[in-house]
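For reference, the chains in residue letters:
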Amino acid sequence: MNDLPGSTPAVAPATSPGGPPGPRLGASPLPSGAATGTRRLLRRLRDVMAASGTAQDRLDRIVLLVAAEMVAEVCSIYVMRAGEVLELFATEGLRPEAVHRTRLRVGEGLVGVIAATARPLALADAQAHPDFAYRPETGEEIYHSLMGVPILRGGRVLGVLVVQNRTPRRYTEDEIEIAQTIAMIVAELVASGELVNPLEMAQSSSGALLPVRLAGVRLNEGLAIGPAVLHMPKLVIRQVVAEDIEAELARLDRAVAAMQSAIDDLVAASRGLGAGEHRDIIEAYRMFAEDRGWLGRITDAVRSGLTAEAAVQKIREETRTRMMQIADPYLRERLFDLEDLANRLQHFLAGGPVGGEIGVLPPEFILVAHSMGPAELLDYAHRRVRGLVLEEGSPTAHVAIVARAFDIPVVGRVEDATSRTESGDIIVVDGDHGQVLIRPSEDLQQSVEEAIASRTRRRAYYETLRDQPAVTRDGVPVRLLLNAGLLIDLVQVAATGAEGVGLFRTEIPLLTRDAFPDVADQTGFYRRAFEQVGDRQIVFRTLDIGGDKVLPYLGHDAEDNPAMGWRAIRIGLDRPAMLRQQLRALLRAASGRDLWVKFPMIAEVAEFEHARRLLDMERQRASAEGYAPPRSVKVGVMLEVPSLLWQLPELLRRIDFLSIGTNDLAQFLFACDRGNPRLADRYDLLSAPIVALLRDVVAKCAAAKVPLSMCGEMAGSPLDAMALIALGFRTLSLTAASLGPVKTMIRSLDAAGAARYLAEIGERPDHSLRHRLEAYARDHRVAL
């Protein structure tokens, strides 16, 4: 978000982690005179906070003190009330009768703008600003200059601190930083609940304790129910101003050492989970904990006069303010790791267990949190976490990947989950559909418990089929492969009895990194993937980046229609060095093995030939450099763009295998954006156009003797898979969760009978053939 017109920029660019090193340990963040003034002010504020009286009394003394120390005619504090209303609670300089009378909504007036943006604002002529809102009861018309900072705690705006002057004044960066430090002290006073009853805010956000259904985003599939445990790791800071700076620095050093030792223990414990991205994530987390820039800024804050706890909180809030303005999704996800570290360090400073009340927990529960780092989830790992609900998060968030290692259903981006949940509330986490139910009725609870029990029985049954062949009742074998994108997914190959991996999405691991990996890194990763699957086949799809999978470190302009824009093979051919490095790594990793590689989003034969030439160049390079070659190299294409259908005979003469991706193919064929909720159910994959298209592709591949597989979502639905087998597909690649249901369907199906029936109805002009196929499955006892 840009600075408002006429404002003084008050937020410095983000620094390490992920940027240049922070200030050296022991450096002063302010000029010596400013630092001395800050320490004097902090000492006086400490005396105010320690004095007897009510919270309102302390607030009144604070505004008086700040106005005097900052040479301002006015100092005012606005506190957030229910309904996102900011109320004037204390002032020095404005009319006393305005206290508890003047109210502004978030976004209204300059105070409301500061609360809405959660950013400082400094104006030499505030009344000239278009957002200035005059309140006659305050008498502020005589004051022209204004500086305001948000009162923040845990990323939430609790109020606004404002100073004003009659004459035009340009507030310095040092003055803004002092105001932010004061606001942090006020935040602890507001958070104590003495000024505004916490129940007021809770009732405003959640209303009566009625059943609530909240929508989110699926981060890990599964279904769970249990009592809520609110993950609120923040501690109340009892003392903000340091009495002995050297003693505080020593406390900080001891806490940092204890935290780093505990993280070493977490890293060691994570090795018991086997290989996978979760291990790499915990290792990277340990590096964050040793970052000198982050630790240096905390040390500098202590030297300015804060206690160690307050210094951690100050740097935490500053980091959050900066990083929440960053559009880059990767960097914003790393904010959660830093939040986790700050929580952890504060707990070690307090001498308590990490996670605060983590010791008293029900035997099984649903964890509800605003955000979470991977180590925080590992703190709960020895408990029985049945599900996880997050207000933040994405599928590539580190906590989501660690949750996958524990098979925990996760729903993220659930707005207001923490404020609408009471500790102990029964919660349903539906990871399959990205839904969260809070306080469901008893009937619904019973239904969910029955569904979970049914899923458990089905999973047990599917495990009995793991070593059974996927063969129809009339003897037609069907190869079942897995779709994967992370090393942790490959564990499911043996667990499910899959014959291999039909689609390994090589771009998914890159979404969790902060830089494009070099050839050595990629080679090591692909070699681990080969080792995970053993002698089974694994098919690597080259990078399908762009669209909804933008790499944070790759420059990419916003596009009106990214699904049909610069993505996948188009990026690879326009930036051949990137594609060649990936192909080089795959060839090296496949030494002595069979390498299967396919190119996505090919729209014409010429694009495939261009990509194939790059592969051939890398094969020649590997030979010249003395690398042991793969045992064989099989090259294929993802059929996703309809234009390729009219060049299919030419393409089939040039490739070793063909895969169909129905997700993109269907949206391009129907001119239907699959991300548009209004069109989500408008067209059906089991419709005459799709059936005719697939039948034609099957016939041409059979004639050319080119192996064909289906890798889209269609392969994972038992009914859709039944139709695919009836059309002639003999290889399906699907998710691990879908393999058991699809294998069960296959073993109950007469493929020849299904093929005859589909031939009869395939050309009907119906919107969908789904209902007819469902009726056929019921009549012929096909297990769906």
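Scope of this entry: the structure provided in the associated data block. (Residues numbered from 1 in each chain as written. Predicted model: local features only at pLDDT ≥ 70, side-chain atom pairs only at ≥ 80, totals over all residues. Heavy atoms only, no water.)

### Focus: the overall build of the protein
Each helix and strand in the protein was counted, giving 25 helices and 22 strands. For the protein, the proportion of its 784 residues judged to be buried stands at 54%. Contacts spanning at least 24 positions in sequence make up 69% of the contacts within the protein whose residues lie at least 6 apart. Accessible area of the protein: about 33,300 Å², with a carbon and sulfur share of 50%. (Helix = DSSP H or I, 4+ residues; strand = E, 2+ residues; numbered from the N terminus. Buried < 20%, exposed > 50% of the residue type's maximum accessible area, 1.4 Å probe, protein only. Contact = heavy atoms within 4.5 Å. Areas by Shrake-Rupley, 256 points an atom, 1.4 Å probe, with all protein chains shown as cover.)

### Brief notes about the packing of helix α22 (residues 718–727) against helix α25 (residues 770–779)
Running from N to C, α22 and α25 cross one another at 90°; their axes reach a closest spacing of 10 Å. Overall, the two elements α22 and α25 adopt an arrangement that is roughly perpendicular. Contact residues: α22 offers L719, D720, M722 and A723, while α25 offers R770, L773, E774, Y776 and A777. Class assignment of the residues belonging to the contact of α22 with α25 gives a composition of six nonpolar, no polar and three charged. (Axes fitted to C-alpha atoms, helices over the stretch in contact; angles between N-to-C directions. Parallel < 35°, antiparallel > 145°, perpendicular 65-115°, else oblique. Nonpolar A, V, L, I, M, F, W, Y, C, P; charged D, E, K, R; others polar.)

### Quick look at the pattern of salt bridges
Scanning the model with the defined rule gives 38 salt bridges in all. R459 is the salt-bridge partner of D407, the closest N and O atoms lying 3.3 Å from each other. Remark: R459 occurs in helix α13 (residues 442–464) and D407 occurs in the loop between α12 (398–405) and β12 (410–412); sequence separation between them is 52 residues. Salt-bridge contacts for E609 lead to R654; the nearest nitrogen and oxygen are separated by 2.8 Å. Taken together, the positions of E609 in helix α18 (residues 605–624) and R654 in the loop between α19 (648–652) and β20 (657–660) put the pair 45 residues apart, joining distant regions of the chain. (Salt bridge = Lys/Arg side-chain N within 4 Å of Asp/Glu carboxyl O.)

### Quick notes on the packing of helix α2 (residues 55–69) against helix α4 (residues 173–191)
Where α2 meets α4, the axes come as close as 11 Å, and the angle between the chain directions of the two elements is 170°. In terms of their interaxial angle, α2 and α4 are classed as roughly antiparallel. Two secondary-structure elements touch here, α2 through A55, R58, L59, I62 and V66 and α4 through I182, V186 and L189. Taken together, the residues of the contact of α2 with α4 break down into seven nonpolar, no polar and one charged.

### A few points about unusual backbone geometry
Notably, R439 is not glycine yet its phi reads approximately 55°, a positive angle. Note on placement: R439 falls in the loop between β14 (435–438) and α13. A positive phi angle is found at K705, which is not glycine, with a value near 60°. Along the chain, K705 falls in the loop between α21 (688–704) and β21 (708–710).

### Details of the sheet that holds strand β2 (residues 85–92)
Remark on secondary structure: sheet strands pair via backbone hydrogen bonds, oriented parallel or antiparallel. Spatial ordering of the open sheet is given by β3-β2-β1-β6-β5-β4, a layout of six strands whose pairing is antiparallel. For this open sheet the edge positions go to β3 (103–105) and β4 (121–123), each flanked by a neighbour on one side alone. Neighbouring strand axes in the sheet, compared pairwise and without regard to direction, differ in orientation by 25° on average. The pairing of strand β1 (residues 74–81) with strand β6 (residues 156–165) spans six bridges and is classified as antiparallel. In the sheet register, S76 faces β6, and the bridge partner there is V162. Strand contacts of helix α3 (residues 109–117): β1, β2, β3, β4, β5 (145–153) and β6, with the helix running at about 140° to β6, the strand carrying the most contacts. Lying on the sheet, α4 is in contact with β1, β4, β5 and β6; it crosses β5 at an angle near 45°. (Pairing = 2+ DSSP bridges.)

### A few points about the side chain of Q537
Position of Q537 among the secondary structure elements: in strand β17 (residues 537–541). Residue contacts for Q537: discarding those within four places in its chain leaves R479, L481, E499, G500, V501 and W596.

### Comments concerning the pairing of β20
Burial along β20 is two-sided: the residues F657 and S659 and L658 and I660 are all buried. With four bridges joining them, strand β19 (residues 632–639) and β20 adopt parallel strand pairing. Bridge pairing in β20 links L639 to I660. Inspection of the sheet shows β20 paired to β21 by three bridges, in the parallel sense. Across the sheet, the residue bridging to L658 is L708, located in β21.

### A few points about the nonpolar core
Grouped together as the largest cluster of nonpolar side chains are 97 residues, with contacts concentrated most on L658, L694, V697, F729, L732 and L773. The leading source of residues in this core is α22, at eight residues. Not counting the four nearest positions on each side in its chain, V697 is found in contact with L639, L645, L648, L658, I660 and L708. Counting residues in hydrophobic clusters, the runner-up holds 67 residues, among them L45, M147, L158 and V241. (Core = buried A, V, L, I, M, F, W, Y, C linked by side-chain atoms within 4.5 Å.)

### Let's talk about the sheet that holds strand β8 (residues 217–220)
Overall, mixed pairing links the eight strands, which are arranged β7-β14-β13-β9-β10-β11-β12-β8 in an open sheet. Unpaired on one side and paired on the other, β7 (212–215) and β8 mark the two borders of the sheet. Averaged over all adjacent pairs, the angle separating strand axes in this sheet is 30°, with direction ignored. Inspection of the sheet shows β7 paired to β14 by four bridges, in the antiparallel sense. Looking across to β14, one finds that A215 is bridged to Q435. Contacting β9 (223–230), β11 (384–390), β13 (426–430) and β14, α13 crosses the sheet at an angle of about 125° to β9.

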